[in-house]
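Spelled out from the first residue to the last, the chains are:
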Amino acid sequence: MDTSFIAVRYAPGIVALSYFIASFASYVALDLAKRVRTPDRVVALGWWVGGSVAMGTGIWSMHFVGMLAISLPFAVGYGYAVTALSWVAAVAVSAIALYLASRNRLTLPRLAGGALAMGLGICAMHYTGMAAMDMAPGIQWSAGWVLASAGIAVAASAVALQIFFWLRRLSGNAEHWWQLVAALVMGAAICGMHYTGMAAASFPLDSVCLSADQLRGDSLGLLVSAATIVLLSLTMFTSMIDVRMQSKTAVLTASLQTANTELQHLAFRDALTGLPNRLLFDDRVAVAVERCSRDGSTLAVLFVDLDGFKPVNDSFGHGVGDLVLREMAQRIAGEARASDTVARVGGDEFVLLLEGKPDTAAAAQIAQRIIDALNQPFSAGDHDVRLSCSLGIAMYPSDGPREQLMAHADAAMYAAKRSGGSAYAFFEPHMNAGVREQIELQRDLRLALDRGELALHYQPKINSARGVITGVEALVRWQHPVRGMLSPGLFIPVAERFGLINALGNWVIEEACRQAHAWRDQGLQIRVAINLSVHQLRQEDLVPRIQRALQQHALDPALLIFEITESVAMEDTEGTLQTCERLGSIGVKLSIDDFGTGYSSLSYLRRLQVSQLKIDQSFVQDLEHSADARAIVEAVVQLAHALGLSVVAEGVETAAQRDVLTALHCDELQGYLYARPMTAMVMGDWAANIGRPQGLAFTESVFLEL
């Protein structure tokens, strides 16, 4: 038997190409190892399947390019089925590698088992690929070299797995450079295994390839090398796009988390002081009460109200008032314990939640510390300020269920304030009478808005010179099913205290616009004045809501005039100014109510763009007997006319008051001398000269002069 074999030579260029493909496939494999670890299981599965195909095809392609580097004297070809089987083996090896790379840890059993499985799979791919050459006589194998190639395959697989996990520790440019170095090392290991396996094969001199007429070796090598480079390039490009998308997604996620954090801060924190607001405080009280119910412990709620804050705010301005509130908030928080919650729940109202089984002595001690701390003077801008506080305490569970704790602490605070202030008081049952009444009223008021128990009454305004009606003021009344007709002085404070004032104010605006539209259909164009509270002025949607009401009822904006009290106008000057500018932009008129009782700035009044001043009735009542009151009214009228504003005097009850105001050229008069507030139906008849008071001289026209 002839044992002479063909001398095998390798083309250096093609060997270099096979090394490039092996290194490229390794680089892509290292990149894909990061992709398969994405938290999205569907995306991870897609990368695992696609990556296995791309990586396996790269390894498989390297084998046939390496075969193309061999110089043999006969035409080489490969059988279809066995060649396909070798590709399946390469893909399976890649699938194992990427699966292990997706694990959180590389344990020793995983390393050993994975390296052995991958090494055997690479050998299977290589020797199956060789078996695809149907040689006669058959290839002669060297057992030593076969074992060496298998050892290299297993060792290379173990190194590859360790590199997969080692690269996780790196980031930035270092990761990219070491990934390139690792790919070159892995490519060399793959080539080493291939060419060691080729060294195990010997071809007899008279060898003939019986499969040469199937897949031609030269054509297959060139085709798979080109196709593999394209496939790996596309895979790498897709991976790069995925990295960029993940980076952008991470940035967007971080931005969203930041926005959510800011929104939570805005939703649960007081913007001025940074303390928790009423919403967050109520939530913490609910959680604390549940805990107390389980373990039988106690808690305390302290309600703090500043004594003398309003004069400071009115006298020194909104900016100084804000400084005062921030300082008071810091002092209260400074006296609280780490386990306590301090919140701001109103303009100058703060609350504390004391946990940790406090008794009355502990609550009293903290209350006194707060009183002492707030009583210390401090400088706010250019002003020296000294305030005190009144403080009420309610204990749980002795002072009632969770729903009543705030109200009971509030009632105790008012008891402390009535005793002279700068003191604290514990809740006692007799304090509950007023609290219970207010709670019942707010509950009934919520139902009244839905049941239609509210109604607007209208009090006319009369032109002092001609005696014609120039408009009406809308005043809300409540026909309580049990208590009868209730005045706004009784339920408006309840609405403000329990957060119903905006809903009530919105109803008034809607109903006034509806009634003005109805009067217009009757031939009466009556201007309606509507009072705005400070809470409504702070509504972001106030102006759009008014605009929608005007559009819905096809109403001329000039038929509405909104009255803002002087004290409200000065409470938040910049905010009020912006709201008034927006109201003026839609065409409605503005009036300053109770003028003369606050601390107005003339320059500020000019910026407000009001069209009317309304003299407080306290000055009107003293007109007949007080020269000072007459001088004040005269000065207000002259000032208003100099600014181009009209003047309304409210509370006119006597003919003498009417005569003085007419002599002082006050433009409009309003009061019981002419009419009490009346229903819309009576007001329509009254305005049409039906049932007018005797002695009131009307002109023929009772229509509004716009």
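All figures in this text were calculated on a predicted structure; none of them were measured in a lab. (Residues numbered from 1 in each chain as written. Predicted model: local features only at pLDDT ≥ 70, side-chain atom pairs only at ≥ 80, totals over all residues. Heavy atoms only, no water.)

Participant: For the side chain of Gln612, give the residues involved together with the corresponding values.
Facilitator: Checked against the element boundaries, Gln612 lands in strand β22 (residues 612-615). Using a relative accessible area of 3% as the deciding quantity, one classes Gln612 as buried. Each residue touching Gln612, except ones within four places of it in the same chain, is listed here: Lys461, Ile561, Leu590, Ser591, Ile592, Leu645, Ser646, Val648 and Glu668. (Helix = DSSP H or I, 4+ residues; strand = E, 2+ residues; numbered from the N terminus. Buried < 20%, exposed > 50% of the residue type's maximum accessible area, 1.4 Å probe, protein only. Contact = heavy atoms within 4.5 Å.)

Participant: Which residues make up the nonpolar core, and what values do they have?
Facilitator: Ranked by internal contacts, the top residues of the largest apolar core, which has 76 residues, are Val528 and Ile546. Element by element, the count of residues in this core is highest for helix α15 (residues 501-521), at 8 residues. If near-sequence neighbours (up to four positions away) are discounted, Ile546 is found in contact with Ile509, Leu560, Phe562, Leu583, Ile586 and Val588. (Core = buried A, V, L, I, M, F, W, Y, C linked by side-chain atoms within 4.5 Å.)

Participant: Residue-level account of the sheet that holds strand β11 (residues 349-354), with values.
Facilitator: Across the sheet, 5 strands lie side by side as β10-β11-β9-β14-β15; this open sheet has mixed pairing. Bordering the open sheet on either side are β10 (341-344) and β15 (423-426), each of which pairs with just one other strand. The mean angle between the axes of side-by-side strands here comes to 20°, regardless of whether they run parallel or antiparallel. As defined by bridge partners, strand β9 (residues 299-307) adjoins β11 across 6 bridges and the pair is classed as antiparallel. Its bridge partner being in β11, Val301 is matched across the sheet by Leu353. Across the face of the sheet, helix α11 (residues 360-374) comes into contact with β9, β11, β14 (388-396) and β15 while running at roughly 165° to β14. (Pairing = 2+ DSSP bridges. Axes fitted to C-alpha atoms, helices over the stretch in contact; angles between N-to-C directions.)

Participant: Describe helix α23 (residues 655-663), and please don't skip the residues or the numbers.
Facilitator: All of the buried residues in α23 are Gln657, Val660 and Leu661. Projection of α23 onto a plane perpendicular to its axis shows the buried side chains occupying an angular sector of 95°, all on one side. Check the buried side of α23 and you find it contacts α21 (617-621), α22 (627-642), β23 (646-650) and β24 (668-670). Phi turns positive one or two residues past the end of α23, at His665, with a value near 65°. (Arc of directions from axis to C-beta.)

Participant: Explain the pattern of salt bridges residue by residue, including any values.
Facilitator: If charged atoms from side chains of opposite charge come close, those side chains can pair. Overall, the coordinates contain 19 salt bridges when judged by the stated rule. A salt bridge links Asp305 to Lys417; the shortest N-O distance between them is 2.7 Å. Here Asp305, found in strand β9, pairs with Lys417, found in helix α12 (residues 402-418); they are 112 residues apart in sequence, far enough to count as distant. Assessed through its relative accessible area of 9%, Asp305 is described here as buried. The salt bridge partner of Glu327 is Arg331, with a shortest N-O separation of 2.8 Å. Of this pair, Glu327 and Arg331 both sit in helix α10 (residues 318-335), 4 residues apart, roughly one helical turn. (Salt bridge = Lys/Arg side-chain N within 4 Å of Asp/Glu carboxyl O.)

Participant: Which residues make up the packing of aromatic side chains, and what values do they have?
Facilitator: If you walk through the whole model with that rule in mind, you get 3 aromatic pairs. On the numbers, 6.1 Å between centres and 85° between planes, the contact of Tyr424 with Phe426 is edge-to-face. The interplanar angle of 70° and the centroid separation of 4.9 Å between the aromatic rings of Tyr458 and Trp519 together place this pair among those described as edge-to-face. You can see Tyr458 sitting in strand β16 (residues 454-463) and its partner Trp519 sitting in helix α15, a full 61 residues away along the chain. With respect to class, Tyr458 is no different from Trp519; both count as buried. The cationic tip of Arg676 hangs over the ring face of Tyr672; the distance from NZ or CZ to the ring centre is 3.9 Å. (Phe/Tyr/Trp six-rings, centres within 6.5 Å; stacked < 30°, edge-to-face > 60°. Lys NZ or Arg CZ within 6 Å of the ring centre and 35° of its normal.)

Participant: Which residues make up the packing of α10 against α11, and what values do they have?
Facilitator: Taken N-terminus to C-terminus, the directions of α10 and α11 make an angle of 150°; their axes are 9 Å apart at the nearest point. The two elements α10 and α11 meet at a crossing, and its hand is right-handed. Between α10 and α11, the residues in contact are Met328, Arg331, Ile332 and Glu335 and Ile366, Arg369, Ile370, Ala373 and Leu374, respectively. Of the residues assigned to the contact of α10 with α11, the class counts are 6 nonpolar, no polar and 3 charged. (Left-handed = near helix turned anticlockwise from the far one by under 90°. Nonpolar A, V, L, I, M, F, W, Y, C, P; charged D, E, K, R; others polar.)

Participant: Pulling in residues and values, what's your account of the environment of Tyr195?
Facilitator: Structurally, Tyr195 can be placed in helix α6 (residues 172-199). On the basis of relative accessibility, which here comes to 19%, the residue Tyr195 falls in the buried class. Taking the C-alpha atoms as reference points, Tyr195 and Ser149, separated by 46 residues in sequence, lie 8.3 Å from one another.

Participant: How would you sum up the packing of helix α8 (residues 278-295) against α12? Please name residues and give values.
Facilitator: Across the interface, α8 lies against α12 with an axial gap of 10 Å and an inter-helix angle of 125°. The angle between the axes of α8 and α12 places the two elements in the oblique class. As α8 runs across α12, the sense of the crossing is right-handed. For the pair formed by α8 and α12, the contact residues are Arg278, Phe281, Val285, Ala286 and Val289 on the first element and Arg402, Leu405 and Met406 on the second. When grouped by side-chain class, the residues that make up the contact of α8 with α12 number 6 nonpolar, no polar and 2 charged. (Parallel < 35°, antiparallel > 145°, perpendicular 65-115°, else oblique.)

Participant: Quick one: what's the story with the side chain of Arg331, residue by residue and with numbers?
Facilitator: The exposure class of Arg331 is buried, given its relative accessible area of 15%. Within the structure, Arg331 has its side chain in polar contact with the backbone oxygen of Gln376 (distance 2.6 Å). Once residues lying within four places of it in the same chain are set aside, the contact partners of Arg331 are Ala373, Leu374, Gln376, Pro377 and Phe378. (Polar contact = N/O pair within 3.5 Å; in protein donor to acceptor, adjacent residues only side chain to side chain.)

None of this, on its own, says anything about what the molecule does.
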